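Here is what each chain is made of, one letter per residue.
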Amino acid sequence: MNGVQLGARFSLATNRLQYCGPADAEPLLYRAITSDSGHAEAARALSAFEALMPYLELISAKHGRTPFDTEVVEAYWIGNPLLDSFERADFVHLLEALTQRGLPRSMAQRLAERLPSHPLPHHVFHVAFVGVGNVTGHVPTTLANMEACRPAWAEVVYPGEGVLQVRGPTLALEDGSIVWGPSVEREVRYDPNVLPGIRAGDLVAIHWGWPALQLTPTQRSSLEHYSRRSLEQANETLRAGSGSTMRRSSEPTSQT
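Residues numbered from 1 in each chain as written. Predicted model: local features only at pLDDT ≥ 70, side-chain atom pairs only at ≥ 80, totals over all residues. Heavy atoms only, no water.

### Let's talk about the overall build of the protein chain
So, step 1. Scanning the protein chain from terminus to terminus reveals ten helices and five strands.
So, step 2. Taken over the C-alpha trace, the protein chain has a radius of gyration of 17 Å; the compact-globule value for 256 residues is 18 Å, and the two agree within 12%.
So, step 3. Overall, the protein chain is about 50 × 40 × 35 Å in size when its C-alpha atoms are taken along their principal axes.
So, step 4. For the protein chain, buried positions account for 54% of its 256 residues.
So, step 5. Of the contacts formed within the protein chain by residues at least 6 apart in sequence, a portion of 61% connects residues at least 24 apart.
So, step 6. For the protein chain, the exposed surface amounts to about 11100 Å²; the carbon and sulfur share of it is 48%.
So, step 7. Across the protein chain, the mean location of the 22 positive side-chain charges is 3 Å away from that of the 27 negative side-chain charges. (Helix = DSSP H or I, 4+ residues; strand = E, 2+ residues; numbered from the N terminus. Rg over C-alpha atoms; globule rule 2.2 N^0.38 Å. Buried < 20%, exposed > 50% of the residue type's maximum accessible area, 1.4 Å probe, protein only. Contact = heavy atoms within 4.5 Å. Areas by Shrake-Rupley, 256 points an atom, 1.4 Å probe, with all protein chains shown as cover. Lys, Arg positive; Asp, Glu negative; His and termini not counted. Charge placed at Lys NZ, Arg CZ, Asp CG, Glu CD.)

In structure tokens form, the structure reads like this:
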């Protein structure tokens, strides 16, 4: 799987929901995932996703790679050692790039003043620190939307006809910090063309209620590790009473 295909897997759900990316991106992303073709077209579509590209460009520039290098895309969505060398100064440049994509400048300035000690260019850090929809303005930053937007790891309990019964941890809010809540079991729809041959006991990554990727055990461990580190850093800001933009709502945005 190359970086374009990996990025397409995580970006397809949000594009279907019309939360980010160009309106005509869905068929291009789906083709790249399921037919192993049309990668150049899918890459151009992904380049127009508002919050995605500044992160891929930041990671790739730091390590002398291209934005759709597989390990660069994996670093952002799952996590790997490419994330370990970033500092506050790197994120000041990132926040400036995000303002060019829609993040209000006043918000970027406030975030720059309150950057934690070791920010990570990981999607969970973006969700918890920058905010779920603060770049596009399409989605409010609520705890429920943070839970939906983070790439969540889960174990398949039972595969059915077009649905998976899965079990995995959830987010919770405790004393002003985002913490890990209990594991829950739920049913999610999936596409067997995207995840062929899924069986009970397999590990999957879920983004906005959509199983995007079958995880290897190593990827699952990395996703948990970097998700936990991302929340630890975001919580520095929350515990400091920084005026987070997160709304205290338990209701997710409609996914219809």
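Moving on from the coordinates now.
### Quick word on the confidence of the model for the protein chain
So, step 1. Across the protein chain, the average pLDDT comes to 92, with 93% of residues at 70 or higher.
So, step 2. The low-confidence segment residues 247–256, where pLDDT is below 50, has 24 contacts with residues more than four positions distant or belonging to other chains. (pLDDT = per-residue confidence, 0-100.)

### Comments concerning the packing of helix α6 (residues 88–99) against helix α7 (residues 105–113)
So, step 1. Relative orientation of the contacting elements α6 and α7 amounts to 170°, with a least axis distance of 9 Å. Classified by the interaxial angle, the pair formed by α6 and α7 is roughly antiparallel. Packed against α6, whose contacting residues are L95, E96 and T99, the element α7 presents R105, A108, L111 and A112 at the interface. (Axes fitted to C-alpha atoms, helices over the stretch in contact; angles between N-to-C directions. Parallel < 35°, antiparallel > 145°, perpendicular 65-115°, else oblique.)

### Remarks on the nonpolar core
So, step 1. Core analysis: the largest hydrophobic core is formed by 84 residues, its most contacted members being L29, L98, V130 and W208.
So, step 2. If we ignore the near neighbours within four places in the chain, the residues touching L29 are A8, S11, L12, A42, A45, L46 and F49. (Core = buried A, V, L, I, M, F, W, Y, C linked by side-chain atoms within 4.5 Å.)

### Let's talk about the packing of aromatic side chains
So, step 1. Summed over the entire model, instances satisfying the criterion amount to seven aromatic pairs.
So, step 2. Taking the centre distance of 5.5 Å and the plane angle of 80° together, the rings of F91 and F125 count as edge-to-face. Residue F91 is found in helix α6, and its partner F125 is found in helix α8 (residues 123–130); the two are separated by 34 residues along the sequence. The same class applies to F91 as to F125, namely buried.
So, step 3. Judged by centre distance (5.3 Å) and plane angle (50°), the ring pair of W153 and W180 falls under tilted. Placement of W153 in strand β1 (residues 152–159) and of W180 in strand β3 (residues 177–189) is noted, with a sequence separation of 27 residues between them. (Phe/Tyr/Trp six-rings, centres within 6.5 Å; stacked < 30°, edge-to-face > 60°.)

### Considerations on the packing of helix α2 (residues 25–35) against helix α3 (residues 39–47)
So, step 1. At a minimum axis separation of 8 Å, α2 and α3 run at an interaxial angle of 135°. Classified by the angle their axes make, α2 and α3 are oblique. Regarding α2 and α3, the two cross each other, and that crossing is left-handed. Side by side, α2 and α3 meet where A25, L28, L29 and A32 of the first sit next to H39, E41, A42, A45 and L46 of the second. (Left-handed = near helix turned anticlockwise from the far one by under 90°.)

### What to know about the sheet that holds β1
So, step 1. Pairing in this open sheet of five strands is antiparallel, and the strands run β3-β2-β1-β4-β5 from one edge to the other. Two strands lie at the open edges of the sheet, namely β3 and β5 (210–215), each paired on one side alone. Taken over all neighbouring pairs, the strand axes of this sheet differ in orientation by 35° on average, direction set aside.
So, step 2. Pairing geometry for β1 and strand β2 (residues 163–174), over four bridges, is antiparallel. Bridge pairing in β2 places V156 opposite V166.
So, step 3. Strands β4 (203–207) and β5 of the sheet are contacted by helix α1 (residues 3–16), whose axis makes an angle of about 170° with β5. (Pairing = 2+ DSSP bridges.)

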